[in-house]
Amino acid sequence: MVDFSLSTEERQIRDTVRAFITKEVMPLEQEVLRNERAGRPGVAPEVIAELRAKARRSGFWGVNTPEEYGGMDLGAVMSAIIAMETGRTFVPFSFGGSADNILYACTDEQKQQYLLPTIEGERRSCFAITEPGAGSDARNIRTRAVRDGDDWLITGEKIFITGGNEADFVMVFAVTDPDKGADGGVTCFLADRDMGWKSEPIATMGEWGPASLVFDEVRVPGRNVLGEVGKGFELAMRWIGQGRYLIPARAIGSAERMLQMAVDYAPTRHSMGRPIADYQAIQWQIADSQVEIESAKWLTLYAAWRVQQGLDARHASSIAKLNGAVMANQVVDRVLQIHGGMGYTKELPIERWYRELRLLRIFEGTDEIQKRTIARNLLKGHVRLGGIGE
Ligand SMILES: Cc1cc2nc3c(=O)[nH]c(=O)nc-3n(C[C@H](O)[C@H](O)[C@H](O)COP(=O)(O)OP(=O)(O)OC[C@H]3O[C@@H](n4cnc5c(N)ncnc54)[C@H](O)[C@@H]3O)c2cc1C
């Protein structure tokens with residue numbers, strides 16, 4: 001039988017996270033807005049570190065991290081539910097104790113240097129595949145790594161790298177065999193900043209900026225290959241695959257919070273002698289938003305469930321990511337519309353969410369690339385219509 005209910009333990013975890021976000025994180029929102037409006041970072045890294053430490057003291061650490069690394073290992077479904085809760089605020093908070101999924105491919109020596117300090121929050125990573133000439137077409141990267149004795153020399157440019165200006169090390173993808181390209185000729189390297197790569201922030205319409213990275217014959221020891229030589233593209237796809245259910249999960253929390261703002265505002269705002277909540281034009285925007293949020297919720301939980309069951313989740317995740325990104329943009333636009341001129345001002349956080357959520361339709365696979373994947377899977381017979389959970 002299909003069962004959509006949460007277990008008692010799952011509900012308790014969800015409620016605890018919701019209480020933490022409401023009591024500890026949301027009170028920072030006004031300060032975050034003030035700081036950002038003044039051109040400063042919204043929240044200092046020390047404040048986030050303190051919040052993470054507080055959460056850790058109450059048991060929240062490493063939501064999706066294996067227990068052998070001190071994590072809670074709650075699985076993909078619970079991780080998605082937690083992302084929905086953290087998404088309710090625009091304060092850039094996430095629980096500590098986690099690391100990029102592909103860092104678990106580290107050797108024992110690499111684990112000491114990269115995986116464990118990242119889990120502890122002592123080191124910051126970034127993931128770099130995109131280049132000025134290769135975004136959606138990631139198979140076409142040109143950054144080159146050539147052997148020099150036991151080392152590799154990496155040369156090339158990466159662009160739009162989240163955290164690239166703050167990271168201590170990068171998981172950088174480079175071509176090691178141009179004849180093979182992405183099919184066996186791309187390798188992932190762990191490159192510390194002090195090995196010589198440079199970063200430059202990129203201003204965006206959002207409140208946090210990615211960076212461009214330049215590698216000019218950066219010398220990386222052979223022991224810093226992550227995984228195997230030639231198997232980098234698979235690692236890149238695995239990293240991107242993880243975000244495909246967490247991105248819409250977070251968007252669901254944001255959309256629900258904003259829709260609540262519209263639901264609270266519409267009965268209080270009067271126009272032509274009546275609350276705007278009385279007008280069908282407003283009611284339909286509210287109803288459409290909830291329908292879309294609920295659709296996104298179940299698509300996302302289904303994708304997460306497939307991940308948790310060890311089933312192939314790629315198709316379901318593409319559907320969830322596409323749907324969630326579009327949904328969030330439609331909801332924020334409607335919520336802004338319902339607030340009229342006030343929605344457009346910087347008095348309210350709606351315009352901030354509007355700018356931030358626009359990214360969801362672009363990174364980690366644009367809308368068009370998700371549609372291409374979905375259509376190709378159907379046209380090539382990789383997935384069949386009509387199934388439930390198969
Ligand atoms: C804020 C931000 C953070 C990011 N963080 C990271 C990061 O941490 N690490 C990283 O490696 N990258 C990162 N990216 C890069 C991001 O993944 C790419 O921007 C994205 O994949 C799109 O690539 P592109 O910008 O080169 O656009 P393009 O690939 O040039 O696409 C331009 C347009 O053409 C469409 N298009 C392209 N190919 C096709 C096709 N075959 N069929 C139909 N339409 C197509 C696209 O959908 C898009 O609308 C980030 C980007 C941003 C903006």
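## Re the overall build of the protein chain
Reasoning step 1: Looking only at helices and strands, the protein chain has 11 helices and 10 strands in total.
Reasoning step 2: The C-alpha radius of gyration computed for the protein chain amounts to 22 Å, which stays within 12% of the reference 21 Å derived for 390 residues, consistent with globular compactness.
Reasoning step 3: Overall, the protein chain is about 80 × 50 × 40 Å in size when its C-alpha atoms are taken along their principal axes.
Reasoning step 4: A buried classification covers 48% of the 390 residues belonging to the protein chain.
Reasoning step 5: Restricting to contacts in the protein chain with at least 6 residues of sequence separation, those with at least 24 account for 71%.
Reasoning step 6: Between the averaged position of the 47 positive side-chain charges in the protein chain and that of its 53 negative side-chain charges there is a distance of 4 Å.

## Things to note about the packing of helix H6 (residues 232–265) against helix H7 (residues 280–309)
For any two helices packed against each other, one specifies the inter-axial angle together with the distance between the axes.
Reasoning step 1: One can describe the packing of H6 onto H7 by two numbers: an axis separation of 9 Å at closest approach and a directional angle of 155°. For the element pair H6 / H7, the angle class is roughly antiparallel. Judged by the twist between their axes, the crossing of H6 over H7 is left-handed. Counted together, Tyr245, Pro248, Ala249, Ile252, Ala255, Glu256, Leu259 and Val263 of H6 and Ile286, Ser289, Gln290, Ile293, Glu294, Ala296, Lys297, Thr300, Ala303, Ala304 and Val307 of H7 form the full contact between these two elements.
Reasoning step 2: Grouping the constituent residues of the contact of H6 with H7 by class yields 13 nonpolar, 3 polar and 3 charged.

## Thoughts on the site of the ligand
Reasoning step 1: Around the ligand sit 18 residues, and of these Thr130, Ser136, Phe160, Thr366 and Glu368 come closest.
Reasoning step 2: Contact between the ligand and threonine 366: an oxygen atom at 2.6 Å from a side-chain N or O atom of the residue.
Reasoning step 3: Taken by itself the ligand offers 980 Å² of open surface, and the protein chains cover 66% of this.
Reasoning step 4: Where the shell around the ligand is concerned, the elements lending two or more residues are strand S1 (125–128), strand S3 (151–161) and helix H11 (367–379).
Reasoning step 5: In terms of residue count, H11 provides more of the shell around the ligand than any other element does, 3 residues in total.
Reasoning step 6: Considering only residue class, the shell around the ligand consists of 10 nonpolar, 5 polar and 3 charged.
Reasoning step 7: Residue-level mapping places the shell around the ligand at the junction of two domains, with at least three residues from each of domain 2 (124–230) and domain 3 (243–379).

## Quick look at the side chain of threonine 366
Reasoning step 1: By secondary structure assignment, the location of threonine 366 is in the loop between helix H10 (350–358) and H11.
Reasoning step 2: Given the relative accessible area of 17%, threonine 366 is considered buried.
Reasoning step 3: When residues no more than four places from it in sequence are discounted, the contact partners of threonine 366 are Ser136 and Arg361.

## A word on the environment of valine 146
Reasoning step 1: Looking at the element boundaries, valine 146 is found in strand S2 (residues 144–148).
Reasoning step 2: Owing to a relative accessible area of 34%, valine 146 belongs among the partly exposed residues under this scheme.
Reasoning step 3: Setting aside anything within four residues of it in sequence, one finds valine 146 in contact with Asp151, Trp152 and Leu153.

## Looking at helix H4 (residues 75–86)
Since there are 3.6 residues in each turn of an α-helix, residues three or four apart along the chain are aligned in direction.
Reasoning step 1: Over its 12 residues, H4 extends 16 Å from the first C-alpha to the last, a length consistent with the 16 Å expected when each residue adds 1.5 Å.
Reasoning step 2: Among the 12 residues of H4, 12 are classified as buried, and the element is accordingly described as predominantly covered.
Reasoning step 3: Every buried residue of H4 is accounted for by Gly75, Ala76, Val77, Met78, Ser79, Ala80, Ile81, Ile82, Ala83, Met84, Glu85 and Thr86.
Reasoning step 4: Looking at the buried side of H4, the elements it contacts are helix H1 (8–25), H6 and H7.

## A few points about the packing of H4 against H7
Reasoning step 1: Running from N to C, H4 and H7 point in directions that differ by 145°, and their axes come no closer than 7 Å. In this structure, H4 uses Gly75, Ala76, Val77, Met78, Ala80, Ile81 and Met84 to contact H7, whose residues at the interface are Lys297, Leu301, Ala304, Trp305, Val307 and Gln308.
Reasoning step 2: For the contact of H4 with H7, the class distribution of residues is 10 nonpolar, 2 polar and 1 charged.

## Considering the domain arrangement of the protein chain
Reasoning step 1: The assigned domain composition of the protein chain is domain 1 (8–98), domain 2 (124–230) and domain 3 (243–379).
Reasoning step 2: Summarising the inter-unit geometry, the C-alpha centres of domain 1 and domain 2 are found 29 Å apart.

## Quick notes on the environment of valine 263
Reasoning step 1: With respect to the helices and strands, valine 263 occurs in helix H6.
Reasoning step 2: Sequence-wise, valine 263 and alanine 316 are 53 residues apart; in three dimensions their C-alpha atoms are separated by 31 Å.

## Some remarks on the pattern of salt bridges
Reasoning step 1: Summed over all chains, the structure comprises 27 salt bridges.
Reasoning step 2: Between glutamate 207 and arginine 355 there is a salt bridge, with its nearest N and O atoms 2.8 Å apart. Note that glutamate 207 is positioned in the loop between strand S6 (198–201) and strand S7 (211–221) and arginine 355 in helix H10, a separation of 148 residues in sequence.
Reasoning step 3: What makes arginine 355 buried here is its relative accessible area of 17%.

## Things to note about H7
Reasoning step 1: With 30 residues, H7 should cover 44 Å at 1.5 Å per step; its first-to-last C-alpha distance of 43 Å lies within 8% of that length.
Reasoning step 2: The complete set of buried residues in H7 reads Ile282, Gln285, Ser289, Glu292, Ile293, Ala296, Lys297, Thr300, Leu301, Ala303, Ala304 and Arg306.
Reasoning step 3: On its buried side, H7 packs onto H4, H6 and helix H8 (314–338).
Reasoning step 4: Count one or two residues on from H7 and you reach glycine 310, which has phi positive near 75°.

## Thoughts on the nonpolar core
Reasoning step 1: Grouped together as the largest cluster of nonpolar side chains are 61 residues, with contacts concentrated most on Phe60, Phe93, Phe95 and Met327.
Reasoning step 2: Those elements that place two or more of their residues in this core are H1, helix H2 (29–37), helix H3 (45–57), H4, H6, H7, H8 and H10.
Reasoning step 3: A per-element tally of this core places H6 first, with 11 residues.
Reasoning step 4: Split by domain, this core shows at least three residues from each of two domains, domain 1 (8–98) and domain 3 (243–379).
Reasoning step 5: The next biggest cluster of nonpolar side chains, apart from the first, holds 28 residues, and it includes Leu103, Tyr114, Leu235 and Ala236.

Scoring rules and cut-offs
Residues numbered from 1 in each chain as written. Predicted model: local features only at pLDDT ≥ 70, side-chain atom pairs only at ≥ 80, totals over all residues. Heavy atoms only, no water. Helix = DSSP H or I, 4+ residues; strand = E, 2+ residues; numbered from the N terminus. Rg over C-alpha atoms; globule rule 2.2 N^0.38 Å. Buried < 20%, exposed > 50% of the residue type's maximum accessible area, 1.4 Å probe, protein only. Contact = heavy atoms within 4.5 Å. Lys, Arg positive; Asp, Glu negative; His and termini not counted. Charge placed at Lys NZ, Arg CZ, Asp CG, Glu CD. Axes fitted to C-alpha atoms, helices over the stretch in contact; angles between N-to-C directions. Parallel < 35°, antiparallel > 145°, perpendicular 65-115°, else oblique. Left-handed = near helix turned anticlockwise from the far one by under 90°. Nonpolar A, V, L, I, M, F, W, Y, C, P; charged D, E, K, R; others polar. Near = heavy atom within 4 Å. Polar contact = N/O pair within 3.5 Å; in protein donor to acceptor, adjacent residues only side chain to side chain. Areas by Shrake-Rupley, 256 points an atom, 1.4 Å probe, with all protein chains shown as cover. Domains from an automatic or database assignment. Expected span 1.5 Å × (residues − 1). Salt bridge = Lys/Arg side-chain N within 4 Å of Asp/Glu carboxyl O. Core = buried A, V, L, I, M, F, W, Y, C linked by side-chain atoms within 4.5 Å.

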